[in-house]
Amino acid sequence: MKNIKLPLLILIGGIFFSACVKNKVEKVQAVSDSTSTNATPKLENIQTPKLPDLQSELFEEENKTTDSVLAKFDFKNYVYPLPRGWQDADGKEATLENGLRRMSGEKIGLSYLTTKFGDVTGDEEDEAFVILKIDTAGSAIPLLVYVFTLKDKEPELIWYFRTGDRADGGLKSLHTDNGEFVVELFGQDRFILGAVETSKITGDEEQLCCPTFFTRTHYKWNGKNFQMQGKRETFSIEDKNAPAVNNKGDALIEEEKKTRK
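Residues numbered from 1 in each chain as written. Predicted model: local features only at pLDDT ≥ 70, side-chain atom pairs only at ≥ 80, totals over all residues. Heavy atoms only, no water.

So, on to unusual backbone geometry. The phi dihedral of N98 is positive, around 55 degrees, even though this residue is not glycine. Structurally, N98 is set in the loop between β2 (93-96) and β3 (100-101). Phi at D189 takes a positive value of approximately 55 degrees, unusual for a residue other than glycine. Relative to the assigned elements, D189 resides in the loop between β9 (180-186) and β10 (192-193). (Helix = DSSP H or I, 4+ residues; strand = E, 2+ residues; numbered from the N terminus.)

Structure (structure tokens):
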């Protein structure tokens, strides 16, 4: 009898221990399932805010057609001068072939974006505004604008300039208004000076992706070059009803002068 009781007790104890372990495992599993159910939402349910398309106005159909002979010219295959700050180490011109110039070594890359038309010389014939993108191999979007008029049935370049990168003086749009050339750049009091865009003013630092202001300036052809007309108007993108702020950079300079006194 003694030899029989000992194995029996061991067997009963083993069954009891197994039942306890199983019960604990089931409880732990239940808690784990409950926790995972109430955990943070799945990634597919989290929506990332959509970034604004800062070039949308450039690709609108408005001002993309004309009766001018310039509309028939192939600006995708052309030699363009490069403005200061975007020149190759060995040259100041770039040849576009089929709308592209590949970046290689110290040569900058270029790609054709679009062409707009409008009369900005007052001769009742449309000029062509060719827009190229500088390929930086990154997320930056600096652009180049070339203004061509028609002379002896061939395009003649009368102005070209560079713009900044997105919120930092990037090109928003360009069009004509009563014979004047209107350029809109993202940022506060940003405008074209010669062939380059002006630098940002104090307090205009913001995310490149998402500008909250843009500046509108008017330029008029005097027979030799384009001269700025009127005031530089800065508009709020977030508050479309807000009045424009004129020549904001000049006002800040005057405030700094008063503070120094």
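Our next topic: the state of the cysteines. Inspection of every chain in the model, using the stated rule, returns one disulfide. Two residues share a disulfide in this structure: C209 and C210, whose sulfurs sit 2.4 Å from each other. With the S-S bond torsion at -90 degrees, the cross-link from C209 to C210 turns out left-handed. You can call C210 partly exposed: its relative accessible area is 25%. (Disulfide = S-S within 2.5 Å. Buried < 20%, exposed > 50% of the residue type's maximum accessible area, 1.4 Å probe, protein only.)

With respect to burial, β9 is a largely interior element, seven of its seven residues being buried. By the alternation rule, side chains of β9 split into E180, V182, E184 and F186 and F181, V183 and L185, which are all buried. Judged from the six bridges that link them, strand β8 (residues 171-177) and β9 form a sheet pairing that is antiparallel. In the strand pairing of β9, T176 is matched with F181. Counted along the chain from β8 to the antiparallel partner β9, the turn is two residues long, and its residue N178 has a positive phi close to 50 degrees. As defined by bridge partners, β9 adjoins strand β12 (residues 213-221) across six bridges and the pair is classed as antiparallel. (Pairing = 2+ DSSP bridges.)

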